[in-house]
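Summary of structural features
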2 protein chains.
Amino acid sequence: MNRFEHARAAIRSYTLALTVCAGAIVPLAAAAPLAAAAAKPPTTQQILDASKPSDWRSLDPDNTLYLQLAAGRVVIELAPAYAPLHAANIKTMVRERYFDGLAILRVQDNFVTQWGDPDADKPDKARPLGKASKTLAPEFERAIAKDLAFTPLPDGDVYAPEVGFSDGMPAARDSKSGKTWLAHCYGMVGAGRDVGEESGSGAELYVVIGQAPRQLDRNIAVVGRVVQGMDLLADLPRGSAALGFYDKPEQRLPIKSVRMAADVPAGDRASLEILRTDTSTFAHLVEARRNRRDDWYKVPAGKIDLCNVPIPVRTPPAGKQS
Amino acid sequence: MNRFEHARAAIRSYTLALTVCAGAIVPLAAAAPLAAAAAKPPTTQQILDASKPSDWRSLDPDNTLYLQLAAGRVVIELAPAYAPLHAANIKTMVRERYFDGLAILRVQDNFVTQWGDPDADKPDKARPLGKASKTLAPEFERAIAKDLAFTPLPDGDVYAPEVGFSDGMPAARDSKSGKTWLAHCYGMVGAGRDVGEESGSGAELYVVIGQAPRQLDRNIAVVGRVVQGMDLLADLPRGSAALGFYDKPEQRLPIKSVRMAADVPAGDRASLEILRTDTSTFAHLVEARRNRRDDWYKVPAGKIDLCNVPIPVRTPPAGKQS
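Residues numbered from 1 in each chain as written. Chains lettered and ligands numbered in written order. Predicted model: local features only at pLDDT ≥ 70, side-chain atom pairs only at ≥ 80, totals over all residues. Heavy atoms only, no water.

1. Things to note about the pattern of salt bridges
Evaluation of the coordinates by the stated rule reveals 28 salt bridges over all chains. The partner of Asp-155 of chain A in a salt bridge is Arg-290 of chain A, and the shortest N-O contact between them spans 2.7 Å. Residue Asp-155 of chain A is located in the loop between β7 (151–153) and β8 (162–166), and its partner Arg-290 of chain A is located in helix α5 (residues 280–290); the two are separated by 135 residues in the primary sequence. We note that Asp-155 of chain A, like Arg-290 of chain A, is buried. Residue Asp-263 of chain B pairs with Arg-95 of chain B through a salt bridge whose shortest N-O separation is 2.8 Å. Note that Asp-263 of chain B is positioned in the loop between β15 (257–260) and β16 (273–275) and Arg-95 of chain B in helix α3 (residues 84–95), a separation of 168 residues in sequence. (Salt bridge = Lys/Arg side-chain N within 4 Å of Asp/Glu carboxyl O. Helix = DSSP H or I, 4+ residues; strand = E, 2+ residues; numbered from the N terminus. Buried < 20%, exposed > 50% of the residue type's maximum accessible area, 1.4 Å probe, protein only.)

So this is what it looks like as structure tokens:
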């Protein structure tokens, strides 16, 4: 099996939804045999293959959104531990079918894809928010707490005193201020706001599609993470107006629906599991990514950036359906 | 003028090709007035507006590639100071029209878009390289030298002892080893290789389309940077085979042609200037990005990552055509 076929098999086995798990830059012609596994430190795939069922957790259907586009379904896990008001407000809107028929309004290259009501600024045409709040208190950071998961990443960070993972989400914290917050890595979802701190509601959401814009951290509410279908939000035509907004209404991509997984018949739900970030399996995975030891890499990096760590997502093996 | 219109005007004035210059996450409804410029530190746009003509340099036509796709032209600046053999080999191939009619083979979400000969692995069908070399010595790093530009960025870095900018390219260096190298930031272009260090030629090239895969630094030859048209390489459908390769030949995106700017009639050349990264204007720009002081940002980051620094590209103002 050559490197290419090996990788293909790996992808068959696991749904690595956020392919931060990017491999080497091999030309199509690459055909070097894999070294015998025993002689080498384990690869990412071998570590995942050796994981225990308890290393994985299922998505909570009451905390999971399905954003349906013509091209497919995007699965978003909310982060109520960090943005409880926003998460609850978004769920209210979803259950009112607020988002159905709205659109992707903005795709700014190397920054964000953003969706919401194109008429939000027109009082006579804006879609009403129903029982949802029009504005919410800022949830840009929260207090560090013992019952809030945090697995530190010891590699350092340009932006924050400390970074790590909190229940499958990249996070940062500052022991001086006693605060913690979610980090704007690729695939993280936030709630757009106006200039006022309390001007966000979750009615307009964005997802990071480029280099982590960490300058947004602590300035806006991060509400969750795309765990599957990220490519559907990243491969869209960039908007040509300012900030990547689409110039013409017909360029906007319609949102067919947004549903809570809990409101979808069980048979139509995405059966996905997230690797727990407080496990030794995850720690081994981080180490394997920090120091690539396969034949292709000549110089292991020795360090890894918070936003370069893959947080694996899989379809549970046969026999264990969540 | 509201924030939205201001940004639109800014984009009218300047071709910020790599929109790392991403603004705030404003909903479409945002309409807060800009504070009087005098009372605030200058914005990115004000800094660029105040730049001197000597702060900018023109692209060298003999060092600039035009990658022509059906959707438009991608402009790539080569980096012969870091990869002289690869740059020369690529120029040889371009002048032999090696790339014309080849294709984009691979788009891996949050990683790279890669192009070359789909039949490179078939000796009987592979397109011959002509006078170009099939393999080159590795140019993964080079010696630090006095005549090699390097403007340090003092913000720190997870991966390298020191980072900064070298003639408009993000770079890193290590005074202990005496080596320096270009960094895999968004928009940087590299030469794919097989497992052998000397297996690259520049016949298969990739560009970074996601979170900076800095683990590739010093493992592969970085040969240049996309200075315009990055969106044309980033908004492509992701490939569904392993490593983002397209499953079916018909999914590949044809390359119409690749030309050296010098070989294109002067009137058909892209008239672009790059902000010099060794100027005080660039230093002011970095500071403005490190500490956003506009009304939207509540907490300035205080730091900036190498790969979050925009390297502005503009169409020269009327009256000064390069």
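2. Focus: the packing of aromatic side chains
In this structure the tally under the stated criterion is six aromatic pairs over all chains. Summarising the aromatic geometry, the rings of Tyr-98 of chain A and Phe-99 of chain A are spaced 5.1 Å apart at their centres and angled 80° between planes, so their arrangement reads as edge-to-face. The residues Tyr-98 of chain A and Phe-99 of chain A share a single accessibility class, namely buried. Ring centres of Trp-296 of chain B and Tyr-297 of chain B lie 4.9 Å apart, and the angle between their planes is 75°; this geometry places the pair in the edge-to-face category. Judged on exposure class, the residue Trp-296 of chain B and its partner Tyr-297 of chain B are both buried. The lysine or arginine in question, Arg-193 of chain A, covers the ring of Trp-296 of chain B, its NZ or CZ lying 3.9 Å from the ring centre. (Phe/Tyr/Trp six-rings, centres within 6.5 Å; stacked < 30°, edge-to-face > 60°. Lys NZ or Arg CZ within 6 Å of the ring centre and 35° of its normal.)

3. Observations concerning the environment of Met-230 of chain B
Relative to the helices and strands, Met-230 of chain B is located in helix α4 (residues 230–234). Met-230 of chain B sits 30 residues away from Gly-200 of chain B along the chain, and the two C-alpha atoms are 23 Å apart.

4. Concerning unusual backbone geometry
All names here are of chain A. The backbone of Asn-110 shows a phi angle near 60°, a positive value even though the residue is not glycine. The class for Asn-110 is buried, based on a relative accessible area of 3%. One non-glycine residue with positive phi stands out, namely Leu-243, at about 60°. Topologically, Leu-243 is positioned in the loop between α4 (230–234) and β14 (253–254). Take Leu-243: its relative accessible area is 11%, and that puts it in the buried class.

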